[in-house]
Amino acid sequence: MMKVLAQIESNTTEKQYEIRVGEDYRTYCTCPAWRFCKTDPKKCKHLDRFMCGDFDFVGITPVTRQSNDGFSLRAILLD
């Protein structure tokens, strides 16, 4: 069963797409661009907006870990 993380509005149409996480812990988008993407892992502009945009966390409590080399990890909290 997949968990819906966010709904992202299209920039060009009135449609909304869902960002989901599967039991395999991969992220999915319901847009056609993601569905027909040939790269692994698949990507689309909606996933990019979700991962790098205004969404700091999903869930109740944000978890951020900063490493010594400047990278940080943002957690997605599931019920």
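Please refer to the structure placed before this passage.
Residues numbered from 1 in each chain as written. Predicted model: local features only at pLDDT ≥ 70, side-chain atom pairs only at ≥ 80, totals over all residues. Heavy atoms only, no water.

Participant: Describe the overall build of the protein, naming the residues involved and giving the relevant values.
Facilitator: A tally of helices and strands in the protein yields 2 helices and 5 strands. Taken from the N to the C terminus, the helices and strands of the protein come in the order β-β-β-α-α-β-β. Put simply, the protein has 79 residues, and 23% of those count as buried. Contacts in the protein between residues at least 24 apart in sequence constitute 23% of all its contacts with a sequence separation of at least 6. (Helix = DSSP H or I, 4+ residues; strand = E, 2+ residues; numbered from the N terminus. Buried < 20%, exposed > 50% of the residue type's maximum accessible area, 1.4 Å probe, protein only. Contact = heavy atoms within 4.5 Å.)

Participant: Which residues make up the sheet that holds strand E1 (residues 3-9), and what values go with them?
Facilitator: Read across the sheet, 3 strands follow the order E1-E2-E3 without closing on themselves; strand pairing throughout is antiparallel. In this open sheet, the two edge strands, each paired with only one partner strand, are E1 and strand E3 (27-29). The sheet shows a mean angle of 25° between the axes of neighbouring strands, taken without regard to direction. As paired strands, strand E2 (residues 16-21) and E3 are joined by 3 bridges and run antiparallel to one another. Following the sheet pairing, Ile-19 is matched in E3 by Cys-29. Its contacts with the sheet put helix H2 (residues 45-52) on E1, E2 and E3, and the angle it makes with E1 is roughly 105°. (Pairing = 2+ DSSP bridges. Axes fitted to C-alpha atoms, helices over the stretch in contact; angles between N-to-C directions.)

Participant: Give a detailed account of unusual backbone geometry, specifying residues and quantitative values.
Facilitator: In this structure, Pro-41 follows Asp-40 across a cis peptide bond, with omega equal to 5°. A positive phi is found at Tyr-25, a non-glycine position, where the angle reads about 65°. Structurally, Tyr-25 can be placed in the loop between E2 and E3. The exposed category is assigned to Tyr-25, whose relative accessible area is 69%.

Participant: Any details on the pairing of E1? Residues and values, ideally.
Facilitator: With 6 bridges joining them, E1 and E2 adopt antiparallel strand pairing. Looking across to E2, one finds that Ala-6 is bridged to Ile-19. Two successive antiparallel strands, E1 and E2, enclose a turn made up of 6 residues.

Participant: Please provide a residue-by-residue account of the nonpolar core, values included.
Facilitator: Ranked by size, the top nonpolar core spans 13 residues in total, and within it Ile-19, Cys-29, Cys-31, Trp-34, Cys-44, Leu-47 and Phe-50 carry the most contacts. Only E1, E2, E3 and H2 provide two or more residues apiece to this core. Among residues more than four places away in sequence, those in contact with Cys-44 are Cys-29, Cys-31, Ala-33 and Trp-34. (Core = buried A, V, L, I, M, F, W, Y, C linked by side-chain atoms within 4.5 Å.)

Treat this as a map of the structure, not an account of what it does.
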